[in-house]
Amino acid sequence: MAELTLPSHRSTAPPGDLAIWVFILAELLAFGVFFAAYAFGRAHNVALFNEMQATLDRQAGAINTVLLITASACVARAVEAVGRARQVSGARWLLAGILCGGGFLVVKGAEYAEKFSAGINLSTNTFYMFYLSLTFFHFMHVILGLVILTALWFKTRQGAYGPADMNGIESGAAYWHMVDLVWIVLFPLVYVMR
Amino acid sequence: MDIRRLNTVWVILMLATGATWEVGEQGFAGQLAMALLLVLSFVKGRLVVLDFMGLRRAGLMWRSLLIGWLLLVSALIAIAYRIAPA
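Residues numbered from 1 in each chain as written. Chains lettered and ligands numbered in written order. Predicted model: local features only at pLDDT ≥ 70, side-chain atom pairs only at ≥ 80, totals over all residues. Heavy atoms only, no water.

**Quick notes on the overall build of chain A**
For step 1, the next point in the chain: Secondary structure assignment for chain A yields six helices and zero strands.
For step 2, the next point in the chain: When the elements of chain A are put in sequence order from the N terminus, they spell out α-α-α-α-α-α.
For step 3, the next point in the chain: Taking all 194 residues of chain A together, 53% fall into the buried category.
For step 4, the next point in the chain: A fraction of 83% describes how many contacts in chain A between residues 6 or more apart in sequence connect residues 24 or more apart.
For step 5, the next point in the chain: Once the 12 positive and 11 negative side-chain charges of chain A are each reduced to a mean point, those two points are 5 Å apart. (Helix = DSSP H or I, 4+ residues; strand = E, 2+ residues; numbered from the N terminus. Buried < 20%, exposed > 50% of the residue type's maximum accessible area, 1.4 Å probe, protein only. Contact = heavy atoms within 4.5 Å. Lys, Arg positive; Asp, Glu negative; His and termini not counted. Charge placed at Lys NZ, Arg CZ, Asp CG, Glu CD.)

Here is the structure:
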């Protein structure tokens, strides 16, 4: 009976600041439109898209999927650690996440360098117009995500977050997971599906 | 959020990524391959939303918005691949 007077631990609000979730929804909407535009653009150029997709480095795309998902897992472990007042451990998990995210930029940068040196640009064809703009839009989000994670890392080291003050780290973590979520759709769509 | 759950989710995400990669390696194409890839990305995305983003414990509305996004994007991709001439 005593439980009835206790506040419910099952809150209806998502973790972090409500504003970040509104922002995340807006970002997902933009990426969703982009994905649909790619898929319907392909419907009019199936042969071209299938031929050009074969020129992508699928291995690099898969490695980057592993890096982003692992970064997301590290960030989730960081939030979990800070929630138990283990800030030192939380900071280490954040750093591991930052390193994985940095690895994504290196691999993607090498992919871009290879395409650019082959003379590929936005006007090469419809496929590469979509590939370059879609992946670069995502690339910019990875950079912003890494800036946020780095800020969280500094603040966690300073002890700015703890079990009673999770809002900042939960908000930044949610943004990073959104970047991961988008890539989870982007990789099969652009690199594998034909 | 418990650590074992997070680790299990990471392992599932890695296995699903391996399966996606294998579809590409085998050169599977067509409607069945498309459906398989969409199911794999939905399974992965749903776990990221529920366990990494922590929406498993949030209200139904927020969960529905994010998972609804995954479903909507998957449906649009499936339609675009359905109508594409083989």
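**What to know about the overall build of chain B**
For step 1, the next point in the chain: Looking only at helices and strands, chain B features three helices and zero strands.
For step 2, the next point in the chain: Going from the N terminus to the C terminus, chain B shows its helices and strands as α-α-α.
For step 3, the next point in the chain: With 86 residues in all, chain B has 47% of them scored as buried.
For step 4, the next point in the chain: Taking the intrachain contacts of chain B between residues at least 6 apart in sequence as the baseline, contacts between residues at least 24 apart amount to 65%.
For step 5, the next point in the chain: Summed over all atoms, the accessible surface of chain B reaches about 4200 Å², with 70% contributed by carbon and sulfur.
For step 6, the next point in the chain: On chain B, the mean spot of the 8 positive side-chain charges and the mean spot of the 4 negative ones are 12 Å from each other. (Areas by Shrake-Rupley, 256 points an atom, 1.4 Å probe, with all protein chains shown as cover.)

**Focus on the confidence of the model for chain A**
For step 1, the next point in the chain: Overall, the prediction assigns chain A a mean pLDDT of 95, with 94% of residues at 70 or greater.
For step 2, the next point in the chain: Predicted confidence is poor over residues 1-9 of chain A, with pLDDT under 50, and the contacts of this stretch with residues over four places away or in other chains come to zero contacts. (pLDDT = per-residue confidence, 0-100.)

**Let's talk about the pattern of salt bridges**
For step 1, the next point in the chain: Following the criterion strictly, the structure yields six salt bridges over all chains and no others.
For step 2, the next point in the chain: A:Glu80 is paired through a salt bridge with A:Arg84; the nearest N and O atoms lie 2.7 Å apart.
For step 3, the next point in the chain: One salt-bridge network, held together by shared partners, links B:Arg5, B:Asp51 and B:Arg56. (Salt bridge = Lys/Arg side-chain N within 4 Å of Asp/Glu carboxyl O.)

**Observations concerning the environment of B:Glu25**
For step 1, the next point in the chain: With respect to the helices, strands and loops of the structure, B:Glu25 is situated in helix H1 (residues 3-25).
For step 2, the next point in the chain: Linking B:Glu25 and B:Leu47, residues 22 residues apart in sequence, is a C-alpha distance of 25 Å.

**What about the interface of chain B and chain A?**
For step 1, the next point in the chain: In this assembly, 47 residues from chain B lie in contact with 46 residues from chain A.
For step 2, the next point in the chain: In total, about 4100 Å² of surface goes out of reach between chain B and chain A, with carbon and sulfur atoms giving 78% of it.
For step 3, the next point in the chain: Its largest share of buried area at the contact with chain A, chain B owes to B:Trp62, B:Trp69 and B:Tyr81, together 18% of the area lost on that side.
For step 4, the next point in the chain: Along the contact surface separating chain B from chain A lie one salt bridge.
For step 5, the next point in the chain: The salt bridge involving B:Glu25 is made with A:Arg58; its shortest N-O contact spans 2.8 Å.
For step 6, the next point in the chain: Taken together, the connections running from chain B to chain A amount to 10 residue pairs in polar contact (both at pLDDT 80 or more).
For step 7, the next point in the chain: Of the residues belonging to the side of chain B that touches chain A, the class tally is 33 nonpolar, nine polar and five charged. (Buried area = accessible area lost by both parts, 1.4 Å probe. Polar contact = N/O pair within 3.5 Å; in protein donor to acceptor, adjacent residues only side chain to side chain. Nonpolar A, V, L, I, M, F, W, Y, C, P; charged D, E, K, R; others polar.)

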